[in-house]
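# Architecture at a glance
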Amino acid sequence: MSLCLIIDDMHPSLPEYLEPLGLTLHYRPNLTAAEVPAALAAHPYAGLVVRSKLHVTRELLAHGPHLRYVCRAGAGVDNIDEAAIAEAGVALLNAPEGNRDAVGEYAIGLLLALFRHIPRADAEVKAGQWHREANRGEEIGGKTIGLLGYGHMGRAFARRLSAFGCTVLAHDHDPACPPDASATLVSRAELQARTEVLSLHIPYSAANHHFVNEEFLAGFVNPIWLLNTARGEVLDHAALVQRLRTGQVRGAALDVLENEKLTALTPEQQARFDYLRTAPNVVLAPHIGGWTFQSYERINAVLARKLGVFLAR
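Residues numbered from 1 in each chain as written. Predicted model: local features only at pLDDT ≥ 70, side-chain atom pairs only at ≥ 80, totals over all residues. Heavy atoms only, no water.

### Here's the deal with the UniProt feature "domain: D-isomer specific 2-hydroxyacid dehydrogenase catalytic" (unreviewed entry) in the chain
The condition that has to hold: UniProt positions are given in the numbering used here, feature names are shortened, and annotations may be inferred rather than shown by experiment. Secondary structure follows DSSP: runs of H or I at least 4 residues long count as helices, runs of E at least 2 residues long count as strands, and numbering of each begins at the N terminus.
UniProt marks residues 5-304 with the feature "domain: D-isomer specific 2-hydroxyacid dehydrogenase catalytic" (unreviewed entry), using the numbering shown here. For residues 5-304, the helix share is 36%, the strand share is 17%, and the end-to-end C-alpha distance is 14 Å.

Here you go:
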């Protein structure tokens, strides 16, 4: 018997994917983060499945001496101490393949909403206002769109952009990043020299904290539109607000924020948020880029496939 503890809400298809692998599932989504260490210590769990509730730390792993794997039901692993996982000899599995298509489609939607003023026009019409000229927009066709990060999410966005008649450039920190037909891999300098729309697709890590900062934004030759469907902390929001004020960032569409607990903002974060939420050239959303009914189940399928490969070793 191989026990697996699941501490977050998951699509109900999870048992049909995991039980054929010989796993006994303890599905306990109502556990608080504080209760997880005791739960781990109470049984010889071989596996732990998490979403975003819990930070998997060295201290937590000490309560689960039988753990062989941790599954992150999603793409980002910024809530997991990867060094501690490796030191403990625990495998880390995640599922960016599960929601990459959702993010790719959604990024197109954000870009269209930003270019064509869709949220603003909707609000105006519902308020009884009819402003056509004020809502004249931009077309994606003919633009040069730069992707920072060319992993699963960047590639999914690039594939969809290929239908719009635009030029897609991508820069990735990995020199071995494989090319494909959807984008041209370029240096950071070339990305900054040519880009008109910048879309962020890098994961959050300590090294990537505020990677897109004042210095980075100052390197762009053209005024840019900016999209972020990655993590809020990779973008310095103070630098963004300053560039929006000067017009060097022409508009922004943000699915993620520097602090997504809107009732617990610092005074500085609150001031920046107040600017962003009232700016007519900013579109905001509550971190829903990968949040579809299809991706919810697909993440289970991806984790099961990867876990099956791991257990068969």
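### Examining unusual backbone geometry
Rules: Each residue's exposure class comes from its accessible area (1.4 Å probe, protein chains only) as a fraction of the maximum for that residue type: buried when under 20%, exposed when over 50%, partly exposed otherwise.
Phi is positive for His117, close to 55 degrees, though the residue is something other than glycine. Structurally, the position occupied by His117 is in the loop between helix H5 (96-116) and helix H6 (118-126). Phi at His287 is positive, roughly 55 degrees, even though this residue is not glycine. By the element assignment, His287 lies in the loop between strand S12 (282-284) and helix H12 (293-311). Looking at His287, the relative accessible area reads 29%, which means it is partly exposed.

### Some points on the sheet that holds strand S3 (residues 45-50)
Selection rule: DSSP-based pairing: two strands are paired if at least 2 bridges between them are found. To define axes, lines are fitted to C-alpha atoms, for helices over the stretch in contact only, and angles between the resulting N-to-C directions are given on a 0 to 180 degree scale. Whether two residues are in contact is decided by their heavy atoms, any of which lying within 4.5 Å being enough.
Taken in spatial order, the five strands of this open sheet run S2-S1-S3-S4-S5, and their pairing is parallel. The outermost strands of the open sheet, each flanked by one partner alone, are strand S2 (23-27) and strand S5 (91-94). Geometrically, the sheet is characterised by an average inter-axis angle of 20 degrees between neighbouring strands, direction not taken into account. In this sheet, strand S4 (residues 69-72) lies alongside S3 in parallel orientation, the contact comprising four bridges. Within S4, the position partnered with Val49 by the bridge is Cys71. Across the sheet, H12 touches S2, S4 and S5, and the angle it forms with S5 is around 155 degrees.

### A look at the environment of Ala107
For Ala107, the location among the structural elements is in helix H5. Setting aside residues no more than four positions away along its own chain, Ala107 makes contact with Phe157, Leu227 and Thr229.

### Description of the sheet that holds strand S7 (residues 167-171)
Strand order across the open sheet formed by seven strands is S8-S7-S6-S9-S10-S11-S12, with parallel pairing between neighbours. Lying at the two open borders of the sheet, with one neighbouring strand each, are strand S8 (184-185) and S12. Two strands pair when backbone bridges link them, and strand S9 (residues 197-200) and strand S10 (residues 224-228) are joined in this way by four bridges, in the parallel orientation. The residue bridging Val197 from the neighbouring strand is Trp225, located in S10.

### Brief notes about the side chain of Asn208
Inspection of the secondary structure puts Asn208 in the loop between S9 and helix H9 (214-218). Looking at Asn208, the relative accessible area reads 15%, which means it is buried. In this structure, Asn208 is in contact with Ile202, Pro203, Glu233 and Val234, ignoring residues within four places of it in sequence.

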